[in-house]
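Architecture at a glance
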Amino acid sequence: MKMDESSLTGESDHVKKGENTDPMLLSGTNVMEGSARMLVTAVGINSKAGIIFTLVGAAKQKKKAKGDDSSSSSSNFGGSTDESSEKKEKSVLQSKLTKLALNIGYFGTAIALLTVIILAVKFSINTYVINETQFQWSQLNEYIGFIITGVTVLVVAVPEGLPLAVTLSLAYSVKKMMKDNNLVRHLDACETMGNATAICSDKTGTLTTNRMTVVQSFVCNKLARTCKEFLPVPDKVEEMLIRSIAINSAYTSRVMPGEKDELPKQVGNKTECALLGYVTSLSKSYEKARLECPEETFTHVYTFNSARKSMGTVVGRQGGGFHLFAKGASEIMLQKCSFIYGEGGVLEELTAKKRNDLINKVIEPMACDGLRTICIAHRDFVKENPAKNEKLIEREPTWEEEDDIFCNFTCLGIVGIEDPVRSEVPDAIKKCQTAGITVRMVTGDNINTARSIATKCGILQPSDDFLVLEGKDFNEKIRDENNQIQQELIDNIWPRLRVLARSSPTDKYNLVKGIIDSKVNPNREVVAVTGDGTNDAPALKKADVGFAMGIAGTDVAKEASDIILTDDNFSSIVKAVLWGRNVYDSISKFLQFQLTVNVVAVTAAVIGSVLLNDSPLKAVQMLWVNLIMDTLASLALATEMPTPDLLLRKPYGRTKALVTRRMMKNIIGQAIYQLVVIFYLLFAGDVLLQIESGRDDSVPTQHMTVVFNTFVMMTLFNEINARKIHGQRNVFQGIFTNPIFYGIWVSTFVLQILIIEFGSAFFSTKALSIDQWMWCLLFGVGTLLWGQLIISLPNRVVPEKFSLGKDDPALQKLPVGKPSPGQLLWVRSRKRILSQIRVVNAFRATIDTNRLQGAAFKKIEGS
């Protein structure tokens, strides 16, 4: 079997019985029926599937080409394999978190070391210089205590709850996104989608319903604009038209009657189902033609592919000879037609003038109405008495010589197929545009059809000055005189490009790669791509977020994707954007909360240790705040539900800081308030509350318990402040829509009461009176009032350099690990493993049969 590029189009995943077209099969292709001999020409990364896997980063970059087939195939998809995923860019959030973690680590380590040094120096001066005491080994306990204090400061400085918050937020979003028809395969795809600036979407099934219907036809020089006008058609032409449609389609495609008040069910290829429905509308049966010409009688089959844009079936002809039925893109098929049936079914020569008239007066108006136009044609090969549209042959033609076979057709008719735009798509695209996301349509349809659908969807507006290009024009514009793709040429096109028609998967890959690599936008583009075919896999892998179609997508496309759309619907992508932005905001909320706690705890511990020789917050108390309370807070803030307001802002982009100036203003402002309160209570609280001072006591006292309890109360109420990070004043808005949040908040409050009243043995606390509790609550509620004052301050009070977590381009190129053999797509696919097992068993059975036959033959000879 030879390679047929149609096996890479994703249009057909099976081989029909009787196909002796010598196609090359991809591993995992399902042979539905029939028999054949197969010759293995390449395996591993040298096979067609291996080359695709290499491009999508699933195989190692080792290529030992043997033969022209594998070597020439390396030029597929733009001829670049240097984009494989041996080194993969980190996601936007990963890069920012890496930078933030480094900053916090350096800061925490420096403060911890400084604390230990100050305490050790102060103790040494007081003990050995001022008091002139001799060194004793028992004094090492003091230094060990200083080290413990430093370790405590370091533990408090590092936000241990951050990894948990990130994981919880992503995992929670993944679970919720599944209900919105988004099956997330890679966790980081959630937040990356929230930063998307461009979406390159397919048309069929994504923007449209993928329920095809023939609504216009041009047969025998008669244009029918409604289904009622389809009849009548001359008998001779009608019979040939029905046979062409019925036979030149996959026999697995059929139209079944629907139940009461339901439309007929379409099974199989939707375009073919539309044509079969057209036959039904002529009050004829396509099943009759199929029964008269079963698949096993086919002489040759030309499967559809993106290069030919057509398909054909050769069957025997009564009296000798052959019929070739063909269908394909109308403007392409018309160029191969030399004859056409005119009024009354009279055969006419299709001149160049008539061909141009058909394109201008029939095809383009249909396309402008958003219809996909298909030309149906046939050609006869006879052994005697040929008509003017028939070819005389002496023997069976060589069917592989397509240039001689696919020409001089007789046009039977042109049909316009409608694929209605999904009702929810225009609103979804409008939301994307409001959110700062540019939507581009990449389709294989006619340019006029694509333009019409794009206008209906809202991708194009009548007053817009955007580009609508065909794939061949796009390829010409992005290549230099040496036929090499140049980034600067792509940069001249993609900002204004909105529709790419008659495009191939290679065009899609080149477009996606060009947008991602472009430096036109200082913030760089974050690109999402949809795809369903095997050839879409490199584009899906190259994209920041790849969406595969769950219904129409092939296994390879799904394996290369980050998210699978289980309903093949564009509106589900908008939901992914919403959840992605919510993930980013949830992590930012937790950071605002956590960093405030860390700054206050670290500052109090350091200053308290220096002034009082001991931290006002005991180690176990700080661990309660840092490990337990903050962990619960990460769960509470990570499960906030998204709001429609998230789609009213522009994407953050790759370069915007994770901790913004607004967030830093809230962190510093709240830290100042809490530190002032803590140090006031520490040095004057005993006077205010009329209790004994606990500054010099090593045993639990009400004074130090009030300091600890007030700090916890301020932290709890600041958790409510942290729910809003964009300057909203109503911090209680939507609080009761998240039962996890208020459940955790109340639970933490109750646990704090138990710790204060009954945890003296473990937490160094002493029970408080009602009045003392009221003071603690008063200072806690004060954080809410103080937060309103902070909101009133302009963001410019915080210098730009104070923002943290800016994306570092150098960090994006860090390797994330080479794929192991177990990560190869063909190994991870259970379906293909089972297929390979079945093949092995089949060959074993064949070998056993041959051995038995050989043994029997020898036995006969011997006898």
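Residues numbered from 1 in each chain as written. Predicted model: local features only at pLDDT ≥ 70, side-chain atom pairs only at ≥ 80, totals over all residues. Heavy atoms only, no water.

1. A few points about the overall build of the protein chain
Broken down by element type, the protein chain carries 29 helices and 22 strands. Surface exposure of the protein chain reaches about 39500 Å², of which carbon and sulfur atoms provide 57%. (Helix = DSSP H or I, 4+ residues; strand = E, 2+ residues; numbered from the N terminus. Areas by Shrake-Rupley, 256 points an atom, 1.4 Å probe, with all protein chains shown as cover.)

2. Digging into the pairing of strand β14 (residues 371–382)
Counting buried positions along β14 gives twelve out of twelve residues, so the element sits mostly inside the fold. Relative to β14, strand β11 (residues 322–329) runs antiparallel, the two being bridged by eight bridges. Among the inter-strand pairings, His-323 is bridged to a residue of β14, identified as Asp-380. In this structure, β14 lies alongside strand β16 (residues 409–418), joined through eight bridges in antiparallel fashion. Considered in β16, the bridge of Ala-377 is made with Cys-411. Relative to strand β15 (residues 390–392), β14 runs parallel, the two sharing three bridges. Each bridged residue has a counterpart across the sheet, and for Phe-381 the counterpart in β15 is Lys-391. (Buried < 20%, exposed > 50% of the residue type's maximum accessible area, 1.4 Å probe, protein only. Pairing = 2+ DSSP bridges.)

3. Here's the deal with empty space enclosed by the protein
Tallied over the full model, the rule gives one cavity of 30 Å³ or more. Roughly 160 Å³ of internal volume is contained in the largest cavity. Top element by residues in the lining of the largest cavity is helix α26 (residues 770–792). It accounts for four residues. Taken together, the residues that form the lining of the largest cavity break down as five nonpolar, ten polar and one charged. (1 Å grid on protein atoms, 1.4 Å probe; cavity = no way out; pocket = protein on both sides within 12 Å on 5 of 7 lines; lining within 4 Å. Points joined across faces, edges and corners; volume = space filled by probe spheres on them. Nonpolar A, V, L, I, M, F, W, Y, C, P; charged D, E, K, R; others polar.)

4. Section: helix α3 (residues 92–130)
Compared with an ideal rise of 1.5 Å per residue, which puts 39 residues at 57 Å, α3 spans 56 Å between its outermost C-alpha atoms and is within 8% of the ideal. Glu-132 sits one or two positions beyond α3 and adopts a positive phi of about 50°. (Expected span 1.5 Å × (residues − 1).)

5. Overview of the packing of helix α4 (residues 140–157) against helix α20 (residues 570–612)
Two elements in contact, α4 and α20, have axes separated by 8 Å at closest approach and are oriented at 165°. Considering their axes alone, α4 and α20 lie roughly antiparallel with respect to each other. For the element pair α4 and α20, the recorded crossing hand is left-handed. Across from Thr-149, Val-153, Val-156 and Ala-157 in α4, the residues of α20 making contact are Asn-598, Ala-601, Val-602, Ala-605, Val-606 and Ser-609. By residue class, the composition of the contact of α4 with α20 is seven nonpolar, three polar and no charged. (Axes fitted to C-alpha atoms, helices over the stretch in contact; angles between N-to-C directions. Parallel < 35°, antiparallel > 145°, perpendicular 65-115°, else oblique. Left-handed = near helix turned anticlockwise from the far one by under 90°. Contact = heavy atoms within 4.5 Å.)

6. Some points on the sheet that holds strand β19 (residues 497–501)
Taken together, the eight strands give an open sheet; going across it, the order is β3-β22-β21-β20-β4-β17-β19-β18, and neighbouring strands pair in mixed fashion. Strands at the two margins of the open sheet, each flanked by one partner only, are β3 (182–184) and β18 (467–470). Adjacent strand axes in the sheet meet at a mean angle of 20° when their direction is disregarded. Where β3 lies against strand β22 (residues 563–565), three bridges are found, and the strand directions are antiparallel. Directly across from Val-184, in β22, lies its bridge partner Ile-563.

7. Comments concerning the packing of helix α13 (residues 425–434) against α20
Relative orientation of the contacting elements α13 and α20 amounts to 30°, with a least axis distance of 9 Å. Classified by the angle their axes make, α13 and α20 are roughly parallel. The handedness of the crossing between α13 and α20 comes out as left-handed. Contact residues: α13 offers Val-425, Ala-428, Ile-429, Lys-431 and Cys-432, while α20 offers Phe-570, Ser-571 and Val-574. Per-class residue counts for the contact of α13 with α20 are six nonpolar, one polar and one charged.

8. Considering the pattern of salt bridges
Inspection of the entire model under this criterion finds 18 salt bridges. Across the salt bridge formed by Asp-357 and Lys-353, the nearest N and O atoms sit 3.3 Å from each other. One end of the pair, Asp-357, and the other, Lys-353, are both in helix α11 (residues 352–368), four residues apart, so they sit about a helical turn from each other. Assessed through its relative accessible area of 26%, Asp-357 is described here as partly exposed. A single salt-bridge network, built from bridges that share partners, covers Asp-202, Lys-508 and Asp-536. (Salt bridge = Lys/Arg side-chain N within 4 Å of Asp/Glu carboxyl O.)

9. Some points on the environment of Cys-375
Note on placement: Cys-375 falls in strand β14. Those residues in contact with Cys-375, other than ones at most four positions away along the chain, are Ala-326, Lys-327, Gly-328, Ser-330, Met-333, Leu-334, Cys-337, Cys-411, Gly-413 and Ile-414.

10. Let's talk about the nonpolar core
For soluble globular proteins, the rule of thumb is that nonpolar side chains tend to be buried together. Of all hydrophobic cores here, the largest spans 120 residues; its most connected members are Met-193, Phe-547 and Phe-570. No other element matches α20, which puts 21 residues into this core. For Phe-570, the residues in contact, after removing those within four places along its chain, are Ile-199, Ser-201, Thr-206, Leu-207, Val-425, Ala-428, Ile-429, Cys-432 and Val-439. Counting 36 residues, the second largest nonpolar core, distinct from the first, contains Tyr-251, Tyr-278, Val-315 and Val-415. (Core = buried A, V, L, I, M, F, W, Y, C linked by side-chain atoms within 4.5 Å.)

11. Here we look at a negative patch on the surface
Taken together, the side chains of Glu-400, Glu-401, Asp-403 and Asp-404 present a region of like negative charge at the surface. Summarising the element assignment, Glu-400 is placed in the loop between β15 and α12 (402–405). A relative accessible area of 38% places Glu-400 in the partly exposed class. (Patch = residues over 30% accessible without salt bridge, like charges linked within 9 Å, V, L, I, M, F, W, Y side chains within 5 Å. Lys, Arg positive; Asp, Glu negative; His and termini not counted. Charge placed at Lys NZ, Arg CZ, Asp CG, Glu CD.)

12. Observations regarding unusual backbone geometry
It is generally the case that most residues other than glycine have a negative phi and that most peptide bonds are trans. Of note in the backbone geometry, Asn-221 takes a positive phi value of approximately 65° without being a glycine. We classify Asn-221 as partly exposed; its relative accessible area is 45%. Positive phi is not limited to glycine here, since Asn-408 has a value of about 55°. Note that Asn-408 resides in the loop between α12 and β16. We classify Asn-408 as partly exposed; its relative accessible area is 37%.

13. Brief notes about the packing of aromatic side chains
Within the structure shown, the criterion is met by 17 aromatic pairs. Taken together, a centroid distance of 4.9 Å and an interplanar angle of 75° make the contact between Tyr-302 and Phe-406 edge-to-face. Taken together, the residues span a long stretch of sequence, with Tyr-302 in strand β9 (residues 300–302) and Phe-406 in the loop between α12 and β16 at a distance of 104 residues. The exposure classification of Tyr-302 matches that of Phe-406, with both residues buried. Note on Phe-717 and Trp-745: the rings are 5.4 Å apart at their centroids and 75° apart in plane angle, and the pair reads as edge-to-face. Here Phe-717, found in helix α23 (residues 702–721), pairs with Trp-745, found in helix α24 (residues 739–758); they are 28 residues apart in sequence, far enough to count as distant. Across the pair, exposure class does not vary: Phe-717 and Trp-745 are buried alike. Taken together, the ring pairs connect Phe-123, Tyr-128, Tyr-143 and Phe-146 into an aromatic cluster. (Phe/Tyr/Trp six-rings, centres within 6.5 Å; stacked < 30°, edge-to-face > 60°.)

14. Notes on the pairing of β16
Of all ten residues making up β16, nine are buried, and the element is well covered by its neighbours. Note that strand β5 (residues 213–219) and β16 share five bridges and pair antiparallel. Each bridged residue has a counterpart across the sheet, and for Thr-213 the counterpart in β16 is Glu-418. Here strand β12 (residues 337–341) pairs with β16 via three bridges, running parallel. If you follow Phe-339 over to β16, its bridge partner there is Thr-410.

15. Things to note about α20
In this model, α20 (43 residues) spans 63 Å end to end at C-alpha, consistent with the 63 Å of a helix rising 1.5 Å per residue. A large share of α20 lies buried, amounting to 36 of its 43 residues.

16. Here we look at the environment of Ile-755
Inspection of the secondary structure puts Ile-755 in helix α24. Put simply, Ile-755 and Thr-765 are ten residues apart on the chain and 7.6 Å apart in space, counted from C-alpha to C-alpha. When neighbours within four sequence positions are excluded, Ile-755 is seen to be in contact with Trp-624, Phe-708, Ser-760, Phe-763 and Thr-765.

17. Quick notes on the confidence of the model for the protein chain
For the protein chain, per-residue confidence averages 80 on the pLDDT scale, and 83% of positions sit at 70 or higher. This stretch, residues 58–88, has a pLDDT under 50; its non-local contacts, to residues over four places away or in other chains, come to 63 contacts. (pLDDT = per-residue confidence, 0-100.)

18. Thoughts on the environment of Phe-466
Secondary-structure assignment places Phe-466 in the loop between α14 (447–457) and β18. Note on Phe-466: relative accessible area 32%, which makes it partly exposed. The sequence separation of Phe-466 and Arg-496 amounts to 30 residues, and the corresponding C-alpha distance is 5.0 Å. Those residues within four positions of Phe-466 in sequence are excluded, and the remaining contacts are Leu-460, Arg-496 and Arg-498.

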